[in-house]
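# A structural walkthrough
Each chain, written out:
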Amino acid sequence: MRQAIRFVVGLVLGLALLTWITSVLVQRTTRNWFERDTSLRALLVVSGARQALSSHWREGQSRELRSILTEITRDERIMAASACNADSSLLASTADFPPKFSCRELAKHVRSSPDASIESWSAWHQPDSLPGGSVLVSAIPVLDGEQPLGFVVLVHDLSYAERREARTRQFVLIAFGFLAVAASVITLLVARLSWRSWSDEIHRLARGEAPKQPEFRPILRDVRELVDRIMVEKETEMEGGAWTPQRLKLTLKRHLQGEKVVIVANREPYVHERQADESIRVLHPASGLVTALEPVMRACSGVWIAHGGGSADRETADRNGRIRVPPGEESYFVRRVWLSKEEESGYYYGFSNEGLWPLCHMAHARPVFRSEDWRHYQTVNERFADAVCEEVDSDDPIVLVQDYHFALVPRLIRERLPRATVMMFWHIPWPNSERLGICPWRKEILEGMLGSSIIGFHTQIHCNNFIDSVDRFLEARIDREQNAVVQQGRPTLVRPYPISLEWPVHWLIGGPSPEECRSSIFADLGLKPDALLGVGVDRLDYTKGVEERFLAVESLLERHPMFRGRFTFVQLAAPSRTLIERYRQLNESVEQVAARINERFGQGTYRPIILLRSHHEPPTVFRYYRAADVCYVSSLHDGMNLVAKEFVAARDDERGVLVLSQFTGAARELTEALVVNPYDIEEASSALATALNMSREEQRERMRSMRAFLAEFNVYRWAGRMLVDAARLRRRERLTGRLAEHLVESTSS
Ligand code: ADQ
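Starting from 1, residues in each chain are numbered consecutively following that chain's sequence as written. For a predicted model such as this one, the threshold for reporting local features is a pLDDT of at least 70, and the threshold for listing and counting side-chain atom pairs is 80 or more; totals across whole chains, interfaces and linings nevertheless cover every residue. The side-chain numbers reported here are obtained from all heavy atoms of the structure, hydrogens and water having been left aside.

What makes two strands pair is DSSP finding at least two bridges between them. Only DSSP runs of H or I with at least four residues qualify as helices, and only runs of E with at least two residues qualify as strands; both kinds are numbered from the N terminus onward. The five strands lie next to each other as β2-β1-β5-β4-β3, forming an open sheet whose pairing is antiparallel. The open sheet has two edge strands with one neighbour each: β2 (90-93) and β3 (124-130). Sheet twist, expressed as the mean angle between neighbouring strand axes with direction ignored, is 25°. The pairing of strand β4 (residues 133-144) with strand β5 (residues 147-157) spans ten bridges and is antiparallel. Considered in β5, the bridge of P141 is made with F151. Strands in contact with helix α3 (residues 62-72) are β1 (78-85), β2 and β5; relative to β2, the strand with the most contacts, it is inclined by about 45°. Two residues form a contact once any of their heavy atoms are found within 4.5 Å. To get an axis, a line is fitted to the C-alpha atoms, and for a helix only the part in contact is used. The angle between two axes follows their N-to-C directions and goes from 0 to 180 degrees. Of the strands in this sheet, β1, β2, β3, β4 and β5 touch helix α4 (residues 103-110), which is tilted by about 105° from β5.

Now for the site of the ligand. In the region of the ligand, 29 residues are neighbours, and T291, H427, H616, D638 and E646 sit closest. Within 3.5 Å is the distance limit for a polar contact, defined as a pair of N or O atoms, with the added protein rule that one can donate a hydrogen and the other accept it, and that residues adjacent in sequence qualify only through two side-chain atoms. A distance of 3.2 Å is found between a nitrogen atom of the ligand and a backbone nitrogen or oxygen belonging to D538. L642 places a polar main-chain atom, nitrogen or oxygen, 2.8 Å from an oxygen atom of the ligand. Using a 1.4 Å probe, the Shrake-Rupley method yields the accessible areas, and only the shown protein chains count as cover for residues. Contact with the protein chains covers 95% of the free accessible surface of the ligand, which is 720 Å². Residues belonging to the shell around the ligand are distributed by class as follows: 14 nonpolar, ten polar and five charged. Proximity criterion: a residue is near a molecule or strand once any of its heavy atoms comes within 4 Å of it. Amino acids outside the nonpolar list (Ala, Val, Leu, Ile, Met, Phe, Trp, Tyr, Cys, Pro) and the charged list (Asp, Glu, Lys, Arg) are all regarded as polar, and Gly is one of them.

Two numbers describe how helix α10 (residues 341-360) lies on helix α11 (residues 371-391): the axes approach to 8 Å, and their chain directions differ by 110°. One way to sum up the angle between α10 and α11 is to call them roughly perpendicular. Judged by the twist between their axes, the crossing of α10 over α11 is left-handed. Contacts between α10 and α11 involve E342, E343, G346, Y347, G350, F351, S352 and L356 from the first element and D373, W374, H376, Y377, T379, V380, N381 and R383 from the second. For classification purposes, angles smaller than 35 degrees are called roughly parallel, those larger than 145 roughly antiparallel, those between 65 and 115 roughly perpendicular, and all remaining angles oblique. Each crossing gets its hand from how the near helix is turned against the far one by less than a right angle, where anticlockwise is left-handed and clockwise is right-handed.

We now examine the state of the cysteines. Throughout, a disulfide means two cysteine sulfur atoms within 2.5 Å of one another. Scanning the entire structure with this criterion turns up one disulfide. The residue that forms a disulfide with C84 is C103, at a sulfur-sulfur distance of 2.0 Å. Around the S-S axis, the bridge from C84 to C103 shows a dihedral of about -75° and counts as left-handed. Of this pair, C84 sits in strand β1 while C103 sits in helix α4, placing them 19 residues apart in sequence. For C84, a relative accessible area of 0% translates into the label buried. Under the relative-accessibility criterion, C103 is labelled buried at 6%. In this structure C517 is not part of a disulfide, and its nearest cysteine sulfur, from C631, lies 14 Å away. Relative accessibility decides the category of a residue: with a 1.4 Å probe and only protein chains considered, values under 20% of the type maximum give buried, values over 50% give exposed, and everything between is partly exposed.

The pLDDT value expresses, per residue, how confident the predictor is, ranging between 0 and 100. In the predicted model, the protein carries a mean pLDDT of 88, and the fraction of residues at 70 or more is 92%. With pLDDT under 50 throughout, residues 113-120 is counted as low confidence; its partners more than four residues away or in other chains account for six contacts.

Buried within helix α12 (residues 409-416) we find V409, P410, L412, I413 and R414. Those residues of α12 that are buried are in contact with α11, β12 (398-402), β13 (421-425), α14 (442-449) and β17 (490-496).

Along the chain, V325 connects to P326 via a cis peptide bond; the corresponding omega equals -10°. Tracing the chain through its elements places P326 in the loop between β10 (322-325) and β11 (332-337). P504 follows W503 through a cis peptide bond whose omega is -5°. One can find P504 in the loop between β17 and α16 (514-525). Residues other than glycine seldom take positive phi values, yet S88 does so here, at roughly 75°. Mapping S88 onto the fold places it in the loop between β1 and β2. In this structure S88 comes out as buried when scored by relative accessible area, which is 11%.

This is how it looks when you write it as structure tokens:
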């Protein structure tokens, strides 16, 4: 609009200049015409009276000449006339002839012809002015045969020409003024109309509606991206950059109209277990997934659908399997799905953990695929999809499907609720396509996952592996620019969302100080005050590299005798998947390795490795983190690994060193850790030695930097980014839906 106004101002100024030039030209041209007409008229008048004039002139009859001149001035445009002799003397003149035009003066002009001879006399006309206005003076020679008698002077009134010029100028001005106004109004009107239609279209696009004018379609994506970016920037500005539960709630409200979130996960966040004394205890399972998602759920509310596996789960839930959690806070529901022993065995232990888990982790365990397990996996996935449909209260719910236990659920939900926003997060690595080829049901798994709107992995490498797998095994279009897989026109975005922890971790609030933790843990473990403590916290899983970790401790004591008798490594190991043979073997071998090393380097009550093989509740786990000098995470392959992040989060005293396997997703983010190859036992043991010898200054610097990273990149940001992306996609899908409807309508009409 401002541009249109600028244009109009320019237009008016231009027209004003044009008007001025035009009026000057018009004035000159009309003046020339008038002068020429008047001169011609003078010649006609004089030649008409020539005979009478010359006869009286010859006789010198000035009275008669005067009356002829008076007769001539009856013409209303001839004001006065005179007759001048050839010698420039006045012969006769009308009464009011202006003395200004004397014969002598005029004779100069009349004779100003090149040879200045009397024969060359010719008519002369010159504009001049009198007090009453401008006049044209004409001097026309009068001849008697060849003999010049003198000349007649006529003074023509040109004021009428001036009046006409003024009127013409007025007309020109009015015409141009009208033109300027009309052009300005039209310009402003056109600008306004097109601005309105543009802004209407932009509003429609921003609201996610289909554009009315087809030419707007190409800019649809640009506008949408711009709007999204502005919204995200605005949000970041408003919230000062930090992601908190409140901000996550706000984001959910703003982007998803506060709709409730449905989570589908195998593991429930609160397990009710009946104890030996018949009392019921609530346990927090040792699971990275639960650690990350539980704070998100507390912030968002909604329903968490999970397998009810606790011995007292049934009796604590209502008849629909629902229970409000967290105990005492009750901000969301857990909906428990009951599975038979066979189902649990086939779906969970069999296909998920003997098939998919080793398939996705490069930890040299051979995947086992049984048709029986696959059938259970399909049935259980259907059961969970049914549970989702029972729990949702709209036809376009937001469902977060978690992990490799539910690869088929996204498609099953999509079939039942086509408008749902389904996000699948795969918490473990995704193998390369060659490795995925081992799985007999790779196509079904990929198809199942592609029912999602967004599929998230911890790292870009896993996203790339997934897209390559789709490219290799399915008929689908890969949109490399968008990192999306498109099937039947519907895209599934594939994005990295590195998972993290709540910040601050609520288990630490009001808990004991690092000094208190250290003294109580030292007392519990019977350590000397000058002892050095290393800690490892894991589910007992072969991917976590616990054996390699113990071997690194052994190598440390072997190569650095100064630590013998002084360094103790405590391993909290939660038994996991113990029904699987490979895990039973692991339990045994870990125990054996620890015993062998303790045998080799133990003295008196000193044991270099303390293996605490049981589940520990989070407050205990955090006490260990806070008491330790070093934490060693030695995973052979790990999607992210939250233990590494928990250790950093626990150290608000900025002490302690993290030694971290390069094969964890966390190693890409916690770059100030001592990053090692856990297979390289010597390198790992050197890193342990470096950690134990590290100055407090260096420990502080490294810890401070990692803590700053975790404070910013916390789990609320993780969930927020995913949900904002989901909201964006939802708007896009709604828009595409409307666009499709619009296109159908316009083609049918
Ligand atoms: P997990 O393999 O379960 O998760 P991880 O990220 O290491 O693993 O988290 C384990 C969680 O269990 C931590 O919160 C830890 O405190 C807890 N824990 C471990 N041992 C315990 C014990 N003995 N007693 C009590 N609690 C214990 C999967 C992927 C990971 C990914 C997470 C989250 O394998 O790569 O980081 O999901 O996406």
